[in-house]
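# Chains, contacts and geometry: an overview
Each chain, letter by letter, is given below.
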Amino acid sequence: MLQVVMKSAFVAIVGRPSSGKSTLLNALCGHKVSIVSPVPQTTRNQVRGIVNRPQGQIVFLDTPGFHLSEKKFNLQMMDNVVRSLKDADVVIYTIDASRPAGAEENALIEKLKKAHKPLVLALNKMDFKLQSADQIEAHVRTQLELKAAVRISALKQTNLDALFDAVFAETKEGEAWYPAEYYTDQDPSFRIGEIIREQAINRLKDEIPHAIYVEVADYEVREKGATDVWDRSEGPTLEARAENPQDSGAGSPKATLWVRAFLTVERDSQVGIVVGKDGAGIKAIRQAAQKELGKIFSQHIQLDLRVKVNSKWRTKDHLISGILGSSQPKP
Ligand SMILES: Nc1nc2c(ncn2[C@@H]2O[C@H](COP(=O)(O)OP(=O)(O)OP(=O)(O)O)[C@@H](O)[C@H]2O)c(=O)[nH]1
Ligand SMILES: [Mg+2]
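Predicted model only: the values in this text are computed from it and were never measured.

Calculation criteria
Residues numbered from 1 in each chain as written. Chains lettered and ligands numbered in written order. Predicted model: local features only at pLDDT ≥ 70, side-chain atom pairs only at ≥ 80, totals over all residues. Heavy atoms only, no water. Helix = DSSP H or I, 4+ residues; strand = E, 2+ residues; numbered from the N terminus. Buried < 20%, exposed > 50% of the residue type's maximum accessible area, 1.4 Å probe, protein only. Contact = heavy atoms within 4.5 Å. Pairing = 2+ DSSP bridges. Axes fitted to C-alpha atoms, helices over the stretch in contact; angles between N-to-C directions. Donors = N, O, S within 2.8 Å, 3.2 Å for Na, K, Ca; no water. pLDDT = per-residue confidence, 0-100. Salt bridge = Lys/Arg side-chain N within 4 Å of Asp/Glu carboxyl O. Core = buried A, V, L, I, M, F, W, Y, C linked by side-chain atoms within 4.5 Å. Domains from an automatic or database assignment. Near = heavy atom within 4 Å. Polar contact = N/O pair within 3.5 Å; in protein donor to acceptor, adjacent residues only side chain to side chain. Areas by Shrake-Rupley, 256 points an atom, 1.4 Å probe, with all protein chains shown as cover.

## Remarks on the overall build of the protein
When you go through the protein residue by residue, the secondary structure sums to eleven helices and nine strands. Split into buried and exposed, the 331 residues of the protein put 51% on the buried side. Partitioning the intrachain contacts of the protein with sequence separation of at least 6 by distance along the chain shows that 76% fall at a separation of at least 24.

## Some remarks on the sheet that holds strand β1 (residues 7–15)
The strand order β2-β3-β1-β4-β5-β6 describes an open sheet built from six strands, whose pairing is mixed. The sheet is open, and its two borders are formed by β2 (47–53) and β6 (148–151), each paired with just one other strand. Adjacent strand axes in the sheet meet at a mean angle of 25°, parallel and antiparallel pairs treated alike.

## Concerning the coordination of the magnesium ion (ligand 2)
Around a metal, the ideal angle is 109.5 degrees if four donors adopt a tetrahedral arrangement and 90 or 180 degrees if six donors adopt an octahedral arrangement. Those donors, Ser22 (OG) and Thr43 (OG1), are the protein atoms that reach the magnesium ion (ligand 2), and they lie 2.0 to 2.1 Å from it. Pair noted here: Ser22 is in helix α1 (residues 21–29) and Thr43 is in the loop between α1 and β2, with a separation of 21 residues, a long-range link. The pair Ser22 / Thr43 is uniform in exposure class, with both members buried.

## Observations regarding the confidence of the model for the protein
Detailed reading of the predicted model is not advised wherever pLDDT is low. Per-chain confidence: the protein averages 90 in pLDDT, with 88% of residues scoring 70 or above. Across residues 227–237 the pLDDT falls below 50, and counting only partners more than four positions away or on other chains, this stretch makes 17 contacts in the model. Under a pLDDT of 50 for its full length, residues 241–251 has, in the predicted model, 14 contacts with residues more than four places off or in other chains.

## Let's talk about the pattern of salt bridges
As enumerated under the stated definition, the model contains 23 salt bridges in all. Ionic pairing is found between Asp317 and Lys72, a salt bridge with its closest N-O pair at 2.8 Å. One end of the pair, Asp317, is in helix α11 (residues 317–324); the other, Lys72, is in helix α2 (residues 72–87), with 245 residues separating them in the sequence. Among the residues examined, Asp317 registers a relative accessible area of 47% and is labelled partly exposed. Judged by relative accessible area, which is 40%, Lys72 ranks as partly exposed. One network of salt bridges, with partners in common, ties together Lys32, Glu198, Glu292 and Lys295.

## Notes on the pairing of strand β8 (residues 256–265)
The buried fraction of β8 amounts to nine of the ten residues, a majority that puts the element mostly inside the structure. Relative to β8, strand β7 (residues 213–222) runs antiparallel, the two sharing nine bridges. Each bridged residue has a counterpart across the sheet, and for Val216 the counterpart in β8 is Ala261. The pairing of β8 with strand β9 (residues 300–309) spans ten bridges and is parallel. Along β9, the bridge assignment pairs Val259 with Leu303.

## Some points on the sheet that holds β7
Strands sit in the order β7-β8-β9 across an open sheet of three strands; the sheet is mixed. Of all strands in the sheet, those with a lone pairing partner are β7 and β9, marking the two edges. With direction set aside, neighbouring strand axes in the sheet form an average angle of 15°. This element, helix α9 (residues 268–275), spans β8 and β9 of the sheet and lies at about 150° to β9.

## Observations regarding the nonpolar core
Counting residues in hydrophobic clusters, the biggest one holds 60 residues, and the most contacted among them are Leu24, Phe60, Ile92, Leu163, Ile192, Leu263 and Val274. Residues lining this core come from more than one domain, with at least three contributed by each of domain 1 (7–169) and domain 2 (188–324). Apart from the residues lying within four places of it in its own chain, the contact partners of Phe60 are Val11, Ile13, Leu25, Leu28, Val47, Arg48, Gly49, Val51, Ile92 and Phe164. If you look at the next biggest cluster of nonpolar residues, it comprises 38 residues, including Phe73, Leu85, Val91 and Tyr182.

## Considerations on the environment of Leu303
Here Leu303 lies in strand β9. Classification of Leu303 as buried rests on a relative accessible area of 6%. Residue contacts for Leu303: discarding those within four places in its chain leaves Ile196, Val259, Ala261, Arg286, Ala289 and Gln290.

## Considering the site of ligand 1
In the vicinity of ligand 1 lie 24 residues, with Lys21, Thr23, Gln41, Thr42 and Asp127 positioned nearest. Between Gly20 and ligand 1, the recorded distance is 2.9 Å, taken from a backbone N or O atom to an oxygen atom. Within the side chain of Asp127, one N or O atom sits 2.7 Å away from a nitrogen atom of ligand 1. Isolated, ligand 1 exposes 650 Å² of accessible area, and the fraction of that covered by the protein chains is 90%. At three residues, the largest contribution of residues to the shell around ligand 1 is made by α1.

## Comments concerning the pairing of β2
Within a regular beta strand, the side chains point alternately toward one face of the sheet and then the other, so they alternate between its two faces. Summarising burial for β2: five of the seven residues are buried, a large majority. The sheet contact formed by β2 and strand β3 (residues 56–62) spans seven bridges and is antiparallel. Along β3, the bridge assignment pairs Val51 with Ile58. What sits between the antiparallel neighbours β2 and β3 is a turn of two residues.

Here you go:
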């Protein structure tokens, strides 16, 4: 009988801020795993998305956008990029082909040289019909040894099979890391906080998106007609393996996922901006977050969202490590 050899790999997706890494991760996984916004430095953590194909299992690692900064918070965010490069068996180097390279791209190229991992170049945003892609690819090829270069649109989901083929060509035989029904390993609290942050970032501007973090203070599932019955030790299974997130179970009354969270800003003057006139700003964020969470979790969502200040939180070590260190170690 023919023995099917299964493959498995950790594949880091790295690139500059806003190059489309999180959009790509979500497109590859077929689920909303990582948050997306036009604001650079949206992703702060290593976020894992798991894909099972007939050839085997790929664990994609979304990473913060690589950038140059001397600020403590940003430097530690870059540690998540370095750690992901270490964890990776294969690296997808994502470039926004609509933007010129510059110092930051070259600094990242230097990091990739030192990582010594099989590299697949993904030239993204090709839906813009870019002429510059040949030139960019040629430049990268003078600096790095590429296993493949694929032109994609993460947004329009074009040419992703070619990217999968290139990744699997570099993937070795190995056991699956996660059960087949998992598409992410994020715990619910992290995931809820990220969705709230995404909806806030998409409604705020200037420095505020960078000045916020979300603290999920409490959450519980309340069955209809019953008091709280849910064991939170279940961890990511709550939603991470939902085949059909809209399906709350045939015939069963829909339970409520109740969440209390704080949108935390850095300065008193930012509170009014987030809250908005007569509370319209925070209401819009809350309603949009409830809607997004409703697409992921099977329960009816009830979000209690408040704004608070934690002055200069981006300089506080214990907070930085809590906010940036929430992803799991490699299993
Ligand atoms: N036109 C076009 N836009 C894209 C494409 N991929 C991503 N975008 C847009 O680019 C912006 C940034 O996308 P993200 O996926 O958040 O980028 P990222 O690299 O994860 O950004 P950081 O987390 O900040 O590093 C969003 O507005 C996306 O909609 C693409 O293929 N084509
Ligand atoms: Mg991102």
